[in-house]
Amino acid sequence: MYSEDDLIPLSSLQHILFCERQYALIHIEQVWEENLFTAEGRVLHERVDVEHRESRRLFRQEYSMAVRSLNYGLIGKCDLVEIYLAPGGTVAEAVPVEFKRGRNKEEDVDRVQLCAQALCLEEMLNITIGTGQLYYLQEHRRTTVNLDGALRAKTVELIARIRQLQSSGITPSAEYQKRRCDRCSLLEVCMPKSAGSGGKEVDRFIRSQVSAAREDLDQ
Ligand code: SF4
């Protein structure tokens, strides 16, 4: 069991799956750059936060529901959880729904995040969750995701990798991959094309920027 002080934000799972360096820059070095993709995602989530709540006798919709798991050491929020109650009022079924900009992706980044949300909900509600749903803005429809053994194993593996990186405190060096890096919110600060001989200087530059920003905040 993890303590309250030792919980990993759910968002870090999609960051580490996208790129380990991006994870480390955001969650270890505390660098954050907003680009068009992240800005759209943020606005979408803010909109979800003010959505209406639907409630019927045996069905409830909870928007922006705070969740956590002490077994897996996770904390975060679900955009929406649809809860079905048994006649006695106990929770019979819950389905996490995550809202995303763009379209369904080949990579598991969104599915892993959904699975981690389900792990939290299972612990909190003492139920088993078989499926979750992803709603993509450009597709205007929900896609059902089976939370099967393979997806759960991958999610747990990523949680372990996050803890490994956290305890090492080392930011992996940059490796430029066009398809990935060109849509990365940290492209400007990461400078992956300067990787290799220049990578260490880039890391030093980022560290100096972060510590200068921290000093400003302390003043
Ligand atoms: S620019 Fe590329 S290497 Fe750098 S953090 Fe982003 S995805 Fe990773």
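Presented here is a report on the structure given in the accompanying data block.

Scoring rules and cut-offs
- Residue positions are counted from 1 within each chain, in the order its sequence is given.
- For a predicted model such as this one, the threshold for reporting local features is a pLDDT of at least 70, and the threshold for listing and counting side-chain atom pairs is 80 or more; totals across whole chains, interfaces and linings nevertheless cover every residue.
- Hydrogen atoms and water are omitted, and side-chain values are computed over all heavy atoms in the structure.
- Helix numbers and strand numbers start at the N terminus; a helix is a DSSP run of H or I with at least 4 residues, a strand a run of E with at least 2.
- Only protein chains enter the calculation, and the probe is 1.4 Å; a residue is then buried if its accessible area is under 20% of its type maximum, exposed if over 50%, and partly exposed in between.
- Residues are treated as being in contact if the distance between any of their heavy atoms lies within 4.5 Å.
- Computed by Shrake-Rupley with a 1.4 Å probe, the accessible areas treat only the displayed protein chains as cover when residues are assessed.
- Only a single heavy atom is needed: when it lies within 4 Å of a molecule or strand, its residue is near that molecule or strand.
- The distinction between a cavity and a pocket rests on a 1 Å grid over the protein atoms alone: a 1.4 Å probe fits inside a cavity but cannot get out, while a pocket stays open yet meets protein on both sides within 12 Å along at least five of seven lines, and a residue with an atom within 4 Å of a point counts as lining.
- Grid points define the cavity or pocket, and a molecule sits in it when more than half of its atoms lie within 2 Å of them.
- Basically, the charged four are Asp, Glu, Lys and Arg, the nonpolar ten are Ala, Val, Leu, Ile, Met, Phe, Trp, Tyr, Cys and Pro, and anything else, Gly included, counts as polar.
- For two strands to count as paired, DSSP must find a minimum of two bridges between them.
- Grid points are joined across faces, edges and corners, and a volume is the space filled by probe spheres set on the points.
- Joining through side-chain atoms within 4.5 Å is the link that ties buried Ala, Val, Leu, Ile, Met, Phe, Trp, Tyr and Cys residues into a set, and such a set is a nonpolar core.

The helix and strand tally for the protein chain stands at 8 helices and 7 strands. Relative to its full complement of 219 residues, the protein chain shows a buried share of 44%. Of the contacts formed within the protein chain by residues at least 6 apart in sequence, a portion of 62% connects residues at least 24 apart. A total accessible area of about 12,100 Å² is found for the protein chain, and carbon and sulfur atoms account for 50% of it.

Before going further, it helps to spend a moment on the site of the ligand. Around the ligand, the structure places Phe18, Cys19, Gln22, Glu175, Arg180, Cys181, Cys184, Leu187, Cys190 and Pro192. Put simply, the ligand lies in the largest cavity. Only helix H6 (178–181) and helix H7 (187–190) provide two or more residues apiece to the shell around the ligand. Of the residues contributing to the shell around the ligand, the split by class is 7 nonpolar, 1 polar and 2 charged.

What follows is about the environment of Val145. For Val145, the position within the fold is in strand S7 (residues 141–146). Its relative accessible area of 5% is what places Val145 among the buried residues. In this structure the C-alpha to C-alpha distance between Val145 and Gly132, which are 13 residues apart in sequence, comes to 5.2 Å. The contacts of Val145, once residues within four sequence positions are left out, are Arg111, Leu114, Gly130, Thr131, Gly132, Leu134 and Leu151.

Glancing now at the pairing of S7. Here strand S6 (residues 131–136) runs beside S7; their pairing, made up of 6 bridges, is antiparallel. For Gln133, the partnering residue across the bridge sits in S7 and is Thr144. Connecting S6 to the antiparallel partner S7 that follows it, the hairpin turn spans 4 residues, and His140 within it adopts a positive phi of roughly 55 degrees.

Now for empty space enclosed by the protein. Per the counting criterion, the structure on display carries 1 cavity of 30 Å³ or more. There is about 120 Å³ of room inside the largest cavity. Forming the boundary of the largest cavity are 15 residues, of which Cys19, Arg180, Cys181, Cys184 and Cys190 lie nearest the centre. Sorting elements by how many residues they give to the lining of the largest cavity places helix H2 (residues 20–27) first, with 3 residues. Among the residues making up the lining of the largest cavity, the classes are represented as 10 nonpolar, 2 polar and 3 charged.

Turning our eyes to something else, we now look at the side chain of Ser12. Along the chain, the position of Ser12 falls in helix H1 (residues 11–18). Those residues in contact with Ser12, other than ones at most four positions away along the chain, are Tyr23, His27 and Ile162.

With that settled, the discussion passes to the nonpolar core. The tendency in soluble globular proteins is for nonpolar side chains to be buried side by side. By size, the foremost hydrophobic cluster in this structure holds 32 residues, and its most contacted members are Leu13, Val67, Leu74, Val81, Leu121, Ile129 and Leu147. Counting residues per element, this core draws most heavily on helix H4 (residues 109–125), which supplies 7 residues. Counting residues in hydrophobic clusters, the runner-up holds 11 residues, among them Cys19, Cys184, Leu186 and Val189.

Because each turn of an α-helix spans 3.6 residues, side chains separated by three or four positions end up pointing in the same direction. By the criterion of burial, H1 is predominantly enclosed, with 6 of the 8 residues buried. Residues of H1 that are buried: Ser12, Leu13, Gln14, His15, Ile16 and Phe18.

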